[in-house]
Amino acid sequence: MVYSFIKRKISWILTTIMKLAFPSCSMDQSWCNICDMVERLRPIPRSIIILWQLLGKGRYKLNTYGSYIQGSGQAGAGGILRDHEGRLIMALAITLSCSSNNLAEAIAARFGTEWCLNNVYTEVDLELDSLIVVNMLKNIYVDNGKIKIVIDDTFQLLSQSNLK
């Protein structure tokens, strides 16, 4: 009894996932046929080429990154500033103590932005990996108190110059 319930549950989950991943495949088959089909199916690899795009003359690009080891409090932030021809202007790496990868990303953005302003690089395009942090910076809506302080600081720094 328990075995058949588990089998039905697994079959339902597998069928649901397969319908999403491979909508053209028929899932109205026996358990054995579905398992055989899953073993034979291979997703079609899709790739896109991503290139660093040159900027307008006199502009700079600041790429920042943050990472966090869950549960440890250990984190790091890094960044790189390049000129309009892709030449390295500055690279940074700092250790942090924080509670999430998004907080580490936000701190990296603030640190890099602050460095640019302190060193009179005001024509800067800021680029982040975290879409969550990017959206926070664009919308200024943050419900996490720890990250809100960092986002507010970064937004104020961005508004002081021609950083985008």
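By convention here, each chain's residues receive numbers from 1 onward along its written sequence. Under the rules for a predicted model, residues below a pLDDT of 70 receive no local features and side-chain atom pairs below 80 are neither given nor counted, while totals for whole chains, interfaces and linings still include all residues. The side-chain values count all of the structure's non-hydrogen atoms but skip hydrogen atoms and water molecules.

Caption draft 1: A look at the side chain of R59. Relative to the elements of secondary structure, R59 occurs in the loop between α2 (31-40) and β1 (60-68). We classify R59 as buried; its relative accessible area is 13%. Contacts described as polar in this section are N or O atom pairs within 3.5 Å, which, within protein, must combine one atom able to donate a hydrogen with one able to accept it, while residues neighboring in sequence count only if both atoms come from side chains. Within the structure, R59 has its side chain in polar contact with the side chain of E123 (distance 2.8 Å). A run of H or I in DSSP counts as a helix once it spans at least four residues, and a run of E counts as a strand once it spans at least two, with each numbered from the N terminus. Partly exposed describes any residue whose relative accessible area lies between the buried limit of under 20% and the exposed limit of over 50%, with all areas from a 1.4 Å probe on protein chains only and scaled to the type maximum.

Caption draft 2: How the structure looks around a nonpolar patch on the surface. The patches reported here contain residues having more than 30% relative accessible area and no salt bridge. Joining distances are 9 Å for like charges and 5 Å for nonpolar side chains (Val, Leu, Ile, Met, Phe, Trp, Tyr). Where accessible areas are quoted, they stem from the Shrake-Rupley method and a 1.4 Å probe; at the residue level, only the protein chains shown are allowed to cover. Salt bridges are identified by distance alone: a Lys or Arg side-chain nitrogen within 4 Å of an Asp or Glu carboxyl oxygen. Together, F5, I6 and I10 line one region of the surface with nonpolar side chains, adding up to about 280 Å² of accessible area. Here F5 shows up in helix α1 (residues 2-21). Assessed through its relative accessible area of 49%, F5 is described here as partly exposed.

Caption draft 3: Quick look at the packing of aromatic side chains. Only centres within 6.5 Å qualify two rings of Phe, Tyr or Trp (six-membered ring in Trp) as a pair; their planes then separate them into stacked at under 30 degrees, edge-to-face at over 60, and tilted for everything else. Considering all chains together, one arrives at two aromatic pairs under this definition. Look at Y60 and Y121: their rings are 4.9 Å apart centre to centre, the planes differ by 80°, and that puts the pair in the edge-to-face class. With a gap of 61 residues between them, Y60 in strand β1 and Y121 in the loop between α3 (101-118) and β4 (124-128) connect regions that are remote in the sequence. Ring geometry for W115 against Y121: centres 5.7 Å apart, planes inclined by 15°, an arrangement best described as stacked. By relative accessible area, W115 is classed as partly exposed at 25%. Feature note: the residues Y60, W115 and Y121 constitute an aromatic cluster, connected by ring pairs.

Caption draft 4: Just the sheet that holds β1, in detail. Pairing between strands requires that DSSP locate at least two bridges from one strand to the other. Read across the sheet, four strands follow the order β3-β2-β1-β4 without closing on themselves; strand pairing throughout is mixed. In the strand order of this sheet, the two ends are held by β3 (88-97) and β4, each with one partner. In this sheet, neighbouring strand axes are inclined to one another by 15° on average, regardless of whether the strands run parallel or antiparallel. Strand direction decides the pairing type here: strand β2 (residues 74-82) and β3, joined by nine bridges, are antiparallel. Residue pairing across strands places L81 opposite M90, the latter belonging to β3. Axis definition: a line fit to C-alpha positions, over the contact stretch in the case of helices; interaxial angles, taken between N-to-C directions, run 0 to 180 degrees.

Caption draft 5: Looking closely at the pairing of β2. Judged by how many residues are buried, β2 sits mostly within the fold: seven of nine residues are covered. Bridge analysis of β1 against β2 gives eight bridges, and the strand direction is antiparallel. Across the sheet, residue G66 finds its bridge partner in β2, namely A77. Hairpin remark: β1 followed by β2, antiparallel, with five residues in the connecting loop; positive phi at G71, about 85°.

Caption draft 6: Representation of the nonpolar core within the structure. L62, L81, L126, L128, L137 and I151 are the most contacted members of the largest nonpolar core, which has 27 residues in total. Of all the secondary structure elements, the ones that give two or more residues to this core are β2, β3, α3, β4, α4 (131-139) and α5 (145-159). With seven residues, the top contributor of residues to this core is α3. Any pair of residues with heavy atoms lying within 4.5 Å of one another is described as a contacting pair. When near neighbours in sequence (up to four residues on either side) are disregarded, L62 contacts I80, L81, M90, G112, T113, C116, V124, D125, L126 and E127. Among buried residues, the Ala, Val, Leu, Ile, Met, Phe, Trp, Tyr and Cys ones that are joined through side-chain atoms within 4.5 Å form a nonpolar core.

Caption draft 7: Broad picture of the pattern of salt bridges. All chains considered together, the criterion is met by seven salt bridges. Taking the shortest distance from any N to any O, the salt bridge between K148 and D152 comes out at 3.1 Å. Here the residue K148 and the residue D152 both occupy positions in helix α5, the gap between them amounting to four residues, near one helical turn. Overlapping salt bridges, with partners in common, bring together R59, E123 and D125 in one network.

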